[in-house]
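Okay, here's what each chain looks like letter by letter:
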Amino acid sequence: MAGVDDEAGLEAVRVRFLGRSGEITTLRRGIGALPPAERPDAGKVINAAVESLEAMLTEKSRELGRRALDAALATSIDVTFPGAPSRAGSLHPLRRTLEDACGYFERRGFAVVLGNEIETEYYNFDALNIPPDHPAREGLDSFYLRSGALLRTHTSPMQVRTMQANPPPIAIVTPGKAYRRDAVDARHSYMFHQLEGLLVAPGIHLGHLKGMLTGLFRELFGPAQTVRFRPSFFPFTEPSAEIDTTCPGCAGSGSLADGNACRTCGGSGWIEMGGAGMVHPGVLRESGYDPDAVSGWAFGMGIERLAMVRHGIDDIRVLFENDPRVLAQLA
Ligand code: PHE
């Protein structure tokens, strides 16, 4: 039995002793030829031999089974090993902020439209009333392709594209990537996301925009948010404004509980979220709209900025490096 190391060897042993013409079987057949007085003892001895042989065969068979399992486990997975708990993923904070902001506008009847990241100079600049000598047009600020097209420097091209394709009224938001030749630092990246908004209909004024943005910031940052417009300039809006909202880091006070200036807003109590204004009559006209019949507001905001303020992140690179530990923390 010691030399047996597979099922075939085991079967050979069984046949040799217990088979039809096996050694023990033959002995048992021979009992009848013994004198009657010796038969019972011979029977007992033979039965005991059969029992112990069967026990040995069973034990050997188990041992072979164990060995086969060990060999299989050594070369494959250990099904008895407790599994690693699976971790649930989450949306990236940028994606979540983008979806929440779009959702806010969608619930108010706005359509979400996406645009191309590669744009023509016409839609990126000319149609938006940006003059040929504007510095943004230079290769130093924009990524041009060999064809003369460029990576859009803002999401505003979708204003004219949407108006040219649809009669008024228009209510859209356009989220997406924009590109500028900025060196990467804590506040800049050559690629970032914007949320563009456009509402055009008879009688639209800046008050409508202020109400809309106040609601957005309250939904994203908290119920105490307010909005401030600072006079500014964009070629495609008139009048134009920078959009500020109450700094959520210090509730607009500019200082922290320890008396130090708030780091989120630099002590001003306000955070700049983007640009806005009333759509320039020239842009309406270029889009085939009558500036005497309809008016509209437009805004453009940085989605990274929204997400950073929302999560208290002070370096934009955190949003692009995708360290899973950071993402788990922001989930
Ligand atoms: N396109 C401007 C920018 O990228 C933002 C903006 C959008 C301003 C719409 C006014 C109206 O800075």
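For the structure itself, consult the block above.
The sections below set out a description of the structure shown in this document. Just so you know, these numbers come straight off a predicted model, no measurement behind them. Position numbers for residues start from 1 in each chain and track the written sequence from start to end. Side-chain atom pairs in this predicted model are given and counted only at pLDDT of 80 or more, local residue features only at pLDDT of at least 70, and totals for whole chains, interfaces and linings cover all residues. Side-chain calculation: all heavy atoms of the structure are included, whereas hydrogens and water are not.

## Quick notes on the overall build of the chain
Let me state the cut-off plainly: To qualify as a helix, a DSSP run of H or I must reach at least 4 residues; to qualify as a strand, a run of E must reach at least 2; elements of each kind are numbered from the N terminus. Values of the radius of gyration come from C-alpha atoms, whereas the globule rule sets the reference at 2.2 Å times the count of residues to the power 0.38. Relative accessible area decides the class of each residue, using a 1.4 Å probe on protein chains only: under 20% of the type maximum gives buried, over 50% gives exposed, and in between gives partly exposed. Whether two residues are in contact is decided by their heavy atoms, any of which lying within 4.5 Å being enough. The Shrake-Rupley method, run with a 1.4 Å probe, gives the accessible areas here. Residue values count only the displayed protein chains as cover. A positive count includes Lys and Arg, and a negative count includes Asp and Glu. His and the chain ends are not counted in either. Charged groups are reduced to one reference atom each: NZ for lysine, CZ for arginine, CG for aspartic acid, CD for glutamic acid.
Scanning the chain from N- to C-terminus turns up 11 helices and 9 strands. The C-alpha radius of gyration computed for the chain amounts to 40 Å, which surpasses the reference 20 Å derived for 331 residues by more than 25%, pointing to a less compact arrangement than a globule. Seen through its principal axes, the chain has C-alpha atoms that stretch 130 × 55 × 40 Å. Residues classed as buried in the chain amount to 40% of the 331 residues present. Across the chain, contacts joining residues at least 24 apart in sequence account for 65% of those joining residues at least 6 apart. For the chain, the exposed surface amounts to about 18,200 Å²; the carbon and sulfur share of it is 55%. The positive charge centre, built from 34 side chains, and the negative charge centre, built from 40, are 6 Å apart in the chain.

## Regarding the side chain of R152
Put simply, the test is: The rule for a salt bridge is simple: a side-chain nitrogen of Lys or Arg has to be within 4 Å of a carboxyl oxygen of Asp or Glu. Polar contact is the term for a pair of N or O atoms within 3.5 Å; when the atoms are in protein, one must be able to donate a hydrogen and the other to accept it, and sequence-neighboring residues count only if both atoms are side-chain atoms.
Tracing the sequence through the fold places R152 in the loop between β3 (150-151) and α6 (157-165). No salt bridge is formed by the buried R152, whose closest oppositely charged neighbour, E117, lies at an N-O distance of 5.1 Å. Within the structure, R152 has its side chain in polar contact with the backbone oxygen of N116 (distance 3.4 Å). If we skip the residues at most four places from it in the chain, R152 touches G115, N116, E117, E119, N124, M158, P175, G176, K177, A178 and Y179.

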